[in-house]
Amino acid sequence: QVQVVESGGGLVQAGGSLRLSCAASRIRFSIDAMGWYRQAPGKQRELVATIRSGSNTIYADSVKGRFTISRDNAKNAAYLQMNSLKPEDTAVYYCNARVVLLGTPNDYWGQGTQVTVSS
């Protein structure tokens, strides 16, 4: 059974920084992309950032210039460095690992880690 585990969430003041980590295990195939998503209370889950195996990245407009996604392919790990945090960044952050088999994407999710930014 594939496991995706996030860590690094917590409480921080506005303007502060946090680094989230994600590790995927028990995956038999190469991970095409890893990403971070977030869900605030009463809102839909939204993309924060993704990174493909070739290091191509995509960021939500709301985090560009503040967040940086990176990955370690050898460890099946991804990281999200979050700087200049704002109260509106408060959410549960989920890690996603996507494996593409015969053209079909297979998504694996972590349990989420809470990030709370106080004003």
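Residues numbered from 1 in each chain as written. Predicted model: local features only at pLDDT ≥ 70, side-chain atom pairs only at ≥ 80, totals over all residues. Heavy atoms only, no water.

Participant: Looking at this structure, how should I read the nonpolar core?
Facilitator: The nonpolar side chains of a soluble globular protein tend to be buried with one another. Core analysis: the largest hydrophobic core is formed by 29 residues, its most contacted members being M34, W36, V48, F67, L80, M82 and Y93. Elements represented by at least two residues in this core include exactly β3 (18–25), β4 (33–39), β5 (46–52), β7 (67–72), β8 (77–82), β9 (91–101) and β11 (113–118). A per-element tally of this core places β9 first, with 5 residues. (Core = buried A, V, L, I, M, F, W, Y, C linked by side-chain atoms within 4.5 Å. Buried < 20%, exposed > 50% of the residue type's maximum accessible area, 1.4 Å probe, protein only. Helix = DSSP H or I, 4+ residues; strand = E, 2+ residues; numbered from the N terminus.)

Participant: Honestly, the packing of aromatic side chains in this entry has me stumped. Any pointers?
Facilitator: Two descriptors summarise a pair of aromatic rings, namely the distance from one centre to the other and the angle between the planes of the rings. Applying the stated rule across the entire model yields 1 aromatic pair. Look at Y37 and W109: their rings are 5.0 Å apart centre to centre, the planes differ by 70°, and that puts the pair in the edge-to-face class. Residue Y37 is found in strand β4, and its partner W109 is found in strand β10 (residues 104–109); the two are separated by 72 residues along the sequence. For R45, the ring lying beneath its charged end belongs to W109, and the centroid distance is 4.7 Å. (Phe/Tyr/Trp six-rings, centres within 6.5 Å; stacked < 30°, edge-to-face > 60°. Lys NZ or Arg CZ within 6 Å of the ring centre and 35° of its normal.)

Participant: Any chance you could explain unusual backbone geometry here in plain terms?
Facilitator: Peptide bonds are, in most cases, trans, and in most cases residues other than glycine have a negative phi. Positive phi values are uncommon outside glycine, yet N76 reaches one of about 50°. Among the secondary structure elements, N76 is positioned in the loop between β7 and β8. Phi at L102 takes a positive value of approximately 50°, unusual for a residue other than glycine. With respect to the helices, strands and loops of the structure, L102 is situated in the loop between β9 and β10.

Participant: Is there a simple way to think about the environment of V63 in this case?
Facilitator: Looking at the secondary structure, you find V63 in the loop between β6 (57–59) and β7. A C-alpha to C-alpha distance of 8.4 Å links V63 and A49, two positions 14 residues apart in sequence.

Participant: What's the story with the environment of S17 in this structure? I'm lost.
Facilitator: Topologically, S17 is positioned in the loop between β2 (10–13) and β3. The class of S17 is partly exposed, set by a relative accessible area of 40%. The spacing of S17 and G35 is 18 residues in sequence and 19 Å in space, taken between C-alpha atoms. Within the structure, the side chain of S17 is placed 2.9 Å from the side chain of N83, a separation counted as a polar contact. (Polar contact = N/O pair within 3.5 Å; in protein donor to acceptor, adjacent residues only side chain to side chain.)

Participant: How should I be thinking about the pattern of salt bridges in this particular structure?
Facilitator: Any two side chains of opposite charge can pair, on the condition that their charged atoms come close. For the coordinates displayed, the defined rule picks out 6 salt bridges. The residue D89 makes a salt bridge to R38 at a minimum N-O spacing of 2.9 Å. Of this pair, D89 sits in the loop between β8 and β9 while R38 sits in strand β4, placing them 51 residues apart in sequence. As far as burial versus exposure is concerned, D89 and R38 are alike and both buried. Residue D89 pairs with R66 through a salt bridge whose shortest N-O separation is 2.8 Å. With D89 in the loop between β8 and β9 and R66 in the loop between β6 and β7, this pair connects stretches of sequence that are 23 residues apart. Overall, R66 belongs to the buried group, its relative accessible area being 10%. Look at the salt bridges and you will find they share partners, linking R38, E46, R66 and D89 into a network. (Salt bridge = Lys/Arg side-chain N within 4 Å of Asp/Glu carboxyl O.)

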